[in-house]
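# Examining the three-dimensional arrangement
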Amino acid sequence: MAYASKKEDESGLSSYYNNKTTIIQEARVFNDSPISPRKCRALLTRIVYLLYIGETFSAQEATTLFFGTTKLFQHKDSALRQMVYLAIKELATTAEDVIMVTSSIMKDMQPNSEVIYRPNAIRALCRIIDPSMAQGVERFFKAAIVDRTPSISSAALVSSYHLFPLAKDVVKRWVNEAQEAVSAKSSSSFFSGSSGGGYLNFGSSGNSNSGYQPIPSTSYITQYHALGLLYLIRQQDRMAVTKMIQQLGGGKSGAGTTLKNSMALCMLIRYAAKVMEEDPNVQRQILDLLEGWLRHKSDMVNFEAARAICEMKSVNASQLTKPIAVLQLFLSSPKPVLKFSATRTLATLALTHPAAVASCNVDLENLITDQNRSVATYAITTLLKTGNEASVDRLMKQITGFMSEISDEFKVIIVDAIRSLCIKFPTKHVSMLAFLSGVLRDEGGYDFKRAVVEAMFDMIKFISDCKEQALSHLCEFIEDCEFTKLSVRILHLLGLEGPKAPQPTKYIRFIYNRVVLENATVRAAAVTSLAKFGVNAVDDGLRRSIDVLLNRCLDDVDDEVRDRAAMYLKVMKEASLADTYVKEESVFSLAALESKLVAYVNDADASAQPFDASSIPKISRVQLAAESTRPSTLDIIAAPAARASASPPPPTAAETQSAYVQQLADIPRFAEYGTVLNSSAEPIQLTESETEYQVTCVKHIFREHIVFQFNVSNTLPDTVLEQVIVVMQPQADSGLTEDAVFQIDSLSCANSPGIVYVSFKRDNPREYTTTSFQCILKFISKELDPSTGQPEDEGYEDEYQLEEVELSAGGDYIIPSYASFSSEWDRLRSGATATETFSLGAMESIKAACDSIIELLNMEPLGGTETPSSSSVHTLQLSGLVTGGGGKVLVRCRMTFSRGQGVTLELGVRAEQENACALVVSVVGG
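An account of the accompanying structure is given in this report. The residue count restarts for each chain, going from 1 along the sequence in the order it is written. Restriction of local features to residues with pLDDT of at least 70 applies here, the model being predicted, together with a cutoff of 80 or more for giving and counting side-chain atom pairs; totals for whole chains, interfaces and linings are based on all residues. The basis for every side-chain value is the complete set of non-hydrogen atoms in the structure, without hydrogens or water.

### Notes on the overall build of the protein
For the purposes of this entry, the term helix denotes a DSSP run of H or I that reaches at least four residues, the term strand denotes a run of E that reaches at least two, and both are numbered from the N terminus. Scanning the protein for helices and strands turns up 42 helices and 21 strands. Burial classes follow relative accessibility: with a 1.4 Å probe on protein chains only, a residue under 20% of its type's maximum area counts as buried, one over 50% as exposed, and anything between as partly exposed. In the protein, which comprises 926 residues, the proportion classed as buried is 50%. Should any heavy atoms of two residues lie within 4.5 Å, those residues are counted as being in contact. Put simply, 66% of the contacts in the protein that link residues at least 6 apart link residues at least 24 apart. Each accessible area is a Shrake-Rupley result for a 1.4 Å probe, and residues are judged covered by the shown protein chains and nothing else. Counting only carbon and sulfur atoms, one obtains 51% of the accessible surface of the protein, whose full area is about 45,100 Å².

Take a look at the structure:
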């Protein structure tokens, strides 16, 4: 198709020529007699062009064009027929009644049909047929898959791949043909040698001979398509996939493989790497195959094998020797793509095995001046991770030279590498801080500036010697910062670190300038930062100065700025408010807060009472920062995308709790119970993983009830379980009475898992019952009729013994919650207290005693006390919340250890409620 000239484009001829309305009107050419192949081909080309650039046809328009196109089947021109199939394939998704053209397509698919457009017919048929018709065309596809012409075989294989999700059972029967296509010893190409016309019969007459003579081809592309289909069919059977890899691998050397296509071998390597990741037992055999492929004649295969070994989870230095040697050869290759792939892989590997990559340092240094700046960037970042302290200054000078020549994306990679280098070599912080402050003044986007600022944040946090200098650089940066988010973060950091500096007054000017010059968001952050200086000021003069500045902020035009200024002026005058709003080290757990808010909003009766925040556990700011820390940009860019998307991330604690709340709210009986106070963090396994019936348990605590959720899975494909229940028998005098059981009516392998609920009423809601339950799974077992797939009428009653379920204090009634121990311990002095002494003779160390107590009570260890600094004397501090209004509870465990006697424990408990205090003592003493 000829492209429109500039002159035509300016005059609007091109837009008219490719206008949808014009094309629909010109479609009358399909009805001409005799048919003009040249005109029809040109019109079909324009139709396909419109579809490819995103133009849409209505169902009526597409149907009109579709059936107009089908009239061209009466002409025998090969090139026209190919264009017809291309148009049919694209229009089939929108047009109606497309199945009517099936018979015409089937004529061109006949195995004895020596026409060049047979592959096009196969591809079009895949789009046309209904899944129920797949069995009717099975013999055609089987014959086409093993056809000696690669274009026909590839078309059939790719079409089968697309048919698989719609007709799995039918396509699975083609596995032998796909295997034969993979193992093909030779193949042919689609180029025709027809006697009548030229290439593809362009310009030939209507009665020209459409036959052609296939000639040998060396691409073996059919193997690539056949391997993809073969894996798709067998992917659920790991043993079959492993056997396929071993058969096609060609032994240790890889020379015996029947695969001649490089892309097919690369595909096989990826399958092998996936199998090795899922099944460590075959790692040795797969590793031998991968090492054999390192010596393949194709660079593509060499690289894929080397990368697969480098990305192994538990790879060691000796296993990395061969792949690194291959990648090192690529570093000196004249091909840019090989150099880029090698440096990128080595940069990723250097994150975990810098010593192994160090052998490539000489070659990597030669690439620093490479004209391809992407290669140079990865070379620099790899050297920064593998180099020694002596080479840092030299590398920093080389980096400075080409920072202005690369894009922001690669600048971020370099800054992140320097960020990790700062922690590795803290004595070199002067040169690295000078570099970061220099690039901070350069032009750049938000992501680049954020990476530099976060690198400085890390230096402030981990290298105390550079704190003042880094804060000064950040103060200068916010004087001319165009990014509001970065200004707010820097002001927040100044509020935290500035008051601790030897001369806190030097930062006040920079902060107050933001109040005068910036937007409302930054002004509000500056007010908060100033208030922290005022609250933490040792000098009364500084406090008075801050008071004056905050009073000026009361006249600000923005509500938020005025409100903050008024609040902090009040806070500065009252020490108790300052402790709560400024000096408080703990924050609410966001996951728990979200879960409680969702439950509160969904509970119609809860709106009558104010939201109770006292039951929400708290965490330290360090824990909050760890939860919200973003992954390194370098890790994101360097990580292989396919692996990252292979497994979705697990649900967060908030998502899990919200899902439980929604499930329980859907059952009217449980909706009457009120708000869920606590749910198990993880399901408890009550059966072995390899048994035919698998059961897990989740406990939900309500104010007056306890609900046990049993997730039951039936792994037997030929058996259905009906009337499934769990019989629970608590210990005597447990204080619990069973009041409801919700059974599973029918449970098959297909609809597993199902949920059985067992509800118990708490006789005294103010008591925290701890007991164990004997559990038996009861059901009626029925066999499935193989012919109908329906369960038989008669079954037999059966039961299955489950593990005991424990209702304990830790995890069921007590939730970990962070607190400032010394101040809270003093505050609770007037509350419920208890002190007991215990002898823990079985404990072999204080560390073992700490771990056992933390696990038993499920409370938050404070101040790093979970790690004893002495082997003979230690004090463990714990904090938690007791559900159901039990309030806060603190535990102080004073321990001494002596050989032969074990650990002696003095347990001190302080709580807001007497029953919460008694609960903790009973757990340790029980």
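### Examining the side chain of S679
Among the structural elements, S679 can be located in strand 5 (residues 678-679). Here H700 takes part through its side chain, which lies 2.8 Å from a polar atom of the side chain of S679. The definition of a polar contact used here is a pair of N or O atoms within 3.5 Å, where within protein one atom must be able to donate a hydrogen and the other to accept one, and adjacent residues in sequence count solely through side-chain atom pairs.

### Describing the pairing of strand 9 (residues 719-730)
At least two bridges found by DSSP between two strands is the condition for calling them paired. Strand direction decides the pairing type here: strand 9 and strand 13 (residues 771-783), joined by 10 bridges, are antiparallel. Counted as the bridge partner of M728 is C775 from strand 13. Bridge count for strand 9 against strand 11 (residues 744-747) is 3 bridges, and the pairing is antiparallel. Within strand 11, the residue paired with E722 across the bridge is S746.

### Overview of the pattern of salt bridges
One side-chain nitrogen of Lys or Arg within 4 Å of one carboxyl oxygen of Asp or Glu is enough to make a salt bridge. Counting across every chain of the model gives 38 salt bridges. Between D556 and R523 there is a salt bridge, with the nearest N and O atoms lying 2.9 Å from each other. Taken together, the positions of D556 in the loop between helix 31 (540-553) and helix 32 (559-573) and R523 in helix 30 (residues 520-536) put the pair 33 residues apart, joining distant regions of the chain. Among the residues examined, D556 registers a relative accessible area of 13% and is labelled buried. The class of R523 is buried, set by a relative accessible area of 12%.

### As for a nonpolar patch on the surface
A cluster of nonpolar side chains, Y49, Y52 and I53, forms an exposed patch at the surface whose accessible area comes to about 340 Å². Along the chain, I53 falls in the loop between helix 4 (37-52) and helix 5 (59-70). For I53, a relative accessible area of 53% corresponds to the exposed category. Exposure above 30% relative accessible area and the absence of a salt bridge qualify a residue for a patch, where like charges join within 9 Å and nonpolar side chains (Val, Leu, Ile, Met, Phe, Trp, Tyr) within 5 Å.

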